[in-house]
Amino acid sequence: MLLVRRTVQTAVRTKCCRSFSASQTHLNEKKGLVLGVFEKEGEEGGLHLTEAAAGFDQNISGKLSELLKISGPALKKGKSRIFYGIHKDFPCVAVVGLGKTSEGVCGSENWDTSKENIRQAMSAGCRLLQDLEVNHMEVDGCGDAQSAAEGAALGLFQYDELKTKKKTKVTTQLHASSDSTGWQKGVMYADGQNLARLLMEAPANHITPTAFANTIEERLALHVLTDLLILFAWIEQQQMGAFLSVSKGSEEPPVFLELHYNGAPDSKQAPLLLVGKGITFDSGGISLKPSPSMDAMRADMGGAATVCASIVTAAALKLPVNIIGLAPLCENMPSGKATKPGDVVTAKNGKTIQVDNTDAEGRLVLADALCYGHTFNPRAIVNVATLTGAIDVALGSAATGVFTNSDWLWEQLHKASVVTGDRVWRMPLFQHYTRQVTDSQLADLNNIGKYSRSGGACTAAAFLREFVTAPHWAHLDIAGVMSNKDEVPYLRKGMSGRPTRTLVEFAAGLAHSG
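What counts as what
Residues numbered from 1 in each chain as written. Predicted model: local features only at pLDDT ≥ 70, side-chain atom pairs only at ≥ 80, totals over all residues. Heavy atoms only, no water. Helix = DSSP H or I, 4+ residues; strand = E, 2+ residues; numbered from the N terminus. Rg over C-alpha atoms; globule rule 2.2 N^0.38 Å. Buried < 20%, exposed > 50% of the residue type's maximum accessible area, 1.4 Å probe, protein only. Lys, Arg positive; Asp, Glu negative; His and termini not counted. Charge placed at Lys NZ, Arg CZ, Asp CG, Glu CD. UniProt positions renumbered as here; feature names shortened; annotations may be inferred. Pairing = 2+ DSSP bridges. Axes fitted to C-alpha atoms, helices over the stretch in contact; angles between N-to-C directions. Parallel < 35°, antiparallel > 145°, perpendicular 65-115°, else oblique. Left-handed = near helix turned anticlockwise from the far one by under 90°. Contact = heavy atoms within 4.5 Å. Nonpolar A, V, L, I, M, F, W, Y, C, P; charged D, E, K, R; others polar.

(A) Highlighting the overall build of the protein. A tally of regular secondary structure across the protein gives 15 helices and 23 strands. Taking 2.2 N^0.38 as the reference for a compact globule, 514 residues should give roughly 24 Å; the C-alpha atoms of the protein span a radius of gyration of 24 Å, in line with that estimate. Its C-alpha atoms give the protein principal-axis dimensions of about 80 × 45 × 45 Å. By the burial criterion, 58% of the 514 residues in the protein qualify as buried. Here the protein contributes 51 positive and 52 negative side-chain charges, whose respective centroids are spaced 2 Å apart.

Shown next, in the form of structure tokens:
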């Protein structure tokens, strides 16, 4: 068995915030300010300045209010204006509409509209200034510094690691607010999602299974975590035949990444178990995918990326909870050694699986990881995977599909998603679907439903349930939310890193509920 255990210590990082004052800048620093304004209730075209914007306006003798009135129609939600030269500290000031002050949790939308408006506005303002090559911005907290920080940091992220010409690198800080705790929390939530985006967006020849594990190890260097990098011999010893069957076609060796974060005061407290599908490139194997858009399958490890990023974030936040993360990492490639349609493999729990479609590989790697995860006696199990195109057909990019055997677990996940705006939606786990995967000609299970594509997301979830005995388990199918075109306005086009913030908020909820 080849087993590498690493424990690394905490390094504390702080980011400052300050009230409005004359700045002390470096000569090469170009500064900007992002402020928000609300629509005034009951007054067509009226605006209500945030506390920070009102303070800035007072400091410049009402010039901001005057310019807003004469520069065009009242700013609606998400709309913006830029003013130049109105204060010596800030050559550029972006003002963005926040919508109505009365907006809050919306039952029909399943999110907090006010938080979403703030994220969208601060993202838009920061990107406007970034396009002007402003490299340091002060950002209005808008009465919710965490949401403002999330919007700013998520909106500024751009994967340009491999480009010669890069976007202006920007630093941000909170403007004219004492809520530095909320701001810092928002920065950490966004940093977590941006880590997942970084992993998902990177090309597959840069993020192999081994490179993925090494990247996570580097991020762990800032926090107290243990990671186990477990290689082929151990995987074989554990009789993870389903996982190994997927990796057979690739020259890249499989890696089983195991993360332990012990934040609870009681080290023996049952852990939350997070399991992420880690297919670093999915060609489909012998059941080869069509070539158009196959490049997007570099992000088929989105489950592993969001799980690992959420654990790194939980450690950064010092959440008082124990978490174990498992990420079976490999490529799914065609070759003379690859699994063939009709082959039968044996999972860790002894169940045999007829593999009729090698492109339904995610459920195979998760099956063995779920079996292994039960050995930790977790309080709850959540697995995350870009599992099926069928969930994209069902829900699109509006929400992550959740299949669960636990009403309690569903309520916790749903509550977290309302706060983050990264929504979840419950899907059925009927026996109707189980019968479709247990009716197999050659083995105990078939890796696809016998009615082919009908209810594909549901039959995939039913397959996974065959490897779960825990009373609180949820499967999150994130294939529909894997990428962003323009649906989430505070994310640029590309891989989304969703639902990292919801996983972090869920873990925080468990921590504080005991």
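Here the narrative resumes, following the displayed structure.
(B) Up close: the UniProt feature "domain: Cytosol aminopeptidase" (unreviewed entry) in the protein. In this structure's numbering, the residues bearing the UniProt feature "domain: Cytosol aminopeptidase" (unreviewed entry) are residues 357-364. Split by type, residues 357-364 is 38% helix and 0% strand. Its first and last C-alpha atoms lie 11 Å apart.

(C) Main features of unusual backbone geometry. The peptide bond linking Arg498 to Pro499 adopts the cis configuration, its omega dihedral lying at 0 degrees. Within the fold, Pro499 resides in the loop between strand S23 (494-495) and helix H15 (500-513). Its identity is not glycine, yet Glu133 carries a phi of approximately 65 degrees, on the positive side. Its location among the elements puts Glu133 in the loop between helix H3 (113-131) and strand S8 (136-140). Assessed through its relative accessible area of 56%, Glu133 is described here as exposed. For Cys142, which is not glycine, the phi torsion reads 55 degrees and is therefore positive. Of note, Cys142 is situated in the loop between S8 and helix H4 (145-156).

(D) Region of the structure containing the pairing of strand S5 (residues 90-100). Of all the 11 residues making up S5, 9 are buried; the element is thus mostly covered by neighbouring parts of the structure. Here 6 bridges tie strand S4 (residues 80-87) to S5, and the two strands are oriented antiparallel to one another. Bridge pairing in S5 links Arg81 to Val95. Hairpin remark: S4 followed by S5, antiparallel, with 2 residues in the connecting loop.

(E) Looking closely at the packing of helix H5 (residues 180-201) against helix H9 (residues 302-317). At a minimum axis distance of 8 Å, the contact between H5 and H9 shows a crossing angle of 155 degrees. Judged by the angle between their axes, H5 and H9 are roughly antiparallel. Handedness of the H5/H9 crossing: right-handed. Between H5 and H9, the contacting residues are Lys185, Met188, Tyr189, Gly192, Leu195, Ala196, Leu199 and Met200 on the first element and Gly302, Ala305, Thr306, Ala309, Val312, Thr313, Ala316 and Leu317 on the second. Here the contact of H5 with H9 is composed, by residue class, of 11 nonpolar, 4 polar and 1 charged.

(F) Looking closely at the sheet that holds strand S16 (residues 352-355). Here we have 3 strands laid out as an open sheet, ordered S15-S16-S20, and mixed in their pairing. One side of each edge strand has no neighbouring strand; the edge strands of this open sheet are strand S15 (343-346) and strand S20 (445-446). Where S16 lies against S20, 2 bridges are found, and the strand directions are parallel. Looking at the pairing, Gln354 lines up with Asn446 of S20.

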